[in-house]
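Read off the chains here:
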Amino acid sequence: MMFEKLLTSIGVGNLTIDTRLEKTTFNEEEPIKGKVIFKGGSCDLKVEYIMLSLIERVNNQNEDSDFSEFDYELHKHKVNKSFLIKKKDHQEYEFEFKLEQIEFKGEPEEIFLKTHVHIDQSVGADDEERLNIIR
């Protein structure tokens, strides 16, 4: 059991997540709704919090740059809910948040919701879901 916890702390046999949006197109005024599906790894893990970040990806127009695109964080929603995911267990957490005064940096190539699950003393889990926002 001790060896499993050590492996999980560096990401081997760790928790996996899948973020699913209620739909893929949202109006700017309506809340973004969805759920995060958790699949437990090789040992019990305590989730400290969930961070949902709305990201806009834009093309870099500077031909001299090493980066072809940039990511800008438009909105952050932190879920301060701590809970335990048991070994090999499946759980779901539904979320809903409203967008407030979003200022786009340009004409985004894509917009996506990045989900990060923070696990104390371990490698967290991440997921991204693409979506459209009608302005």
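What you are looking at is a predicted structure, and each value in this text was computed from that prediction instead of being measured. (Residues numbered from 1 in each chain as written. Predicted model: local features only at pLDDT ≥ 70, side-chain atom pairs only at ≥ 80, totals over all residues. Heavy atoms only, no water.)

## Some details on the confidence of the model for the protein
Item 1. Overall, the prediction assigns the protein a mean pLDDT of 83, with 90% of residues at 70 or greater.
Item 2. Highest mean pLDDT in the protein belongs to strand 3 (residues 32-39) (94); lowest belongs to helix 1 (residues 2-9) (45).
Item 3. Taken together, the stretch residues 6-12 has pLDDT below 50 and engages in 14 contacts with residues farther than four places along the chain or on a different chain. (pLDDT = per-residue confidence, 0-100. Helix = DSSP H or I, 4+ residues; strand = E, 2+ residues; numbered from the N terminus. Contact = heavy atoms within 4.5 Å.)

## Considering the packing of aromatic side chains
Item 1. Under the defined criterion, the tally for this structure stands at three aromatic pairs.
Item 2. Ring centres 6.4 Å apart and planes at 45° place the aromatic pair F70 and Y72 in the tilted group.
Item 3. Consider the rings of F95 and F97, whose centres lie 6.3 Å apart with planes at 25°: the pair is stacked. For the pair shown, F95 and F97 are each scored as buried.
Item 4. The lysine or arginine in question, K78, covers the ring of Y49, its NZ or CZ lying 4.2 Å from the ring centre.
Item 5. Here the guanidinium or amino end of K81 rests over the ring plane of F83, the centre of that ring lying 5.9 Å away. (Phe/Tyr/Trp six-rings, centres within 6.5 Å; stacked < 30°, edge-to-face > 60°. Buried < 20%, exposed > 50% of the residue type's maximum accessible area, 1.4 Å probe, protein only. Lys NZ or Arg CZ within 6 Å of the ring centre and 35° of its normal.)

## Details of the side chain of S53
Item 1. Among the secondary structure elements, S53 is positioned in strand 4 (residues 45-59).
Item 2. Here E73 takes part through its side chain, which lies 3.4 Å from a polar atom of the side chain of S53.
Item 3. Contact partners of S53, with chain neighbours within four places excluded, come to E73, H75, K76, F112, L113 and K114. (Polar contact = N/O pair within 3.5 Å; in protein donor to acceptor, adjacent residues only side chain to side chain.)

## With respect to the environment of E69
Item 1. With respect to the element layout, E69 can be found in strand 5 (residues 69-79).
Item 2. Exposure remark for E69: the relative accessible area of 34% places this residue in the partly exposed category.
Item 3. Each C-alpha atom, one on E69 and one on R57, is 6.6 Å from the other, the two residues being 12 residues apart in sequence.

## Some thoughts on the sheet that holds strand 1 (residues 16-21)
Item 1. Read from one edge to the other, the open sheet built from three strands follows the order 1-3-7, with strand pairing classed as antiparallel. One side of each edge strand has no neighbouring strand; the edge strands of this open sheet are strand 1 and strand 7 (90-97). Adjacent strand axes in the sheet meet at a mean angle of 20°, parallel and antiparallel pairs treated alike.
Item 2. Alignment of strand 3 against strand 7, held across eight bridges, turns out to be antiparallel. Residue pairing in the sheet places I32 in a bridge with F97 of strand 7. (Pairing = 2+ DSSP bridges. Axes fitted to C-alpha atoms, helices over the stretch in contact; angles between N-to-C directions.)

## Side note on unusual backbone geometry
Item 1. Notably, K88 is not glycine yet its phi reads approximately 60°, a positive angle.
Item 2. Of note, K88 is situated in the loop between strand 6 (83-85) and strand 7.
Item 3. Its relative accessible area of 57% is what places K88 among the exposed residues.

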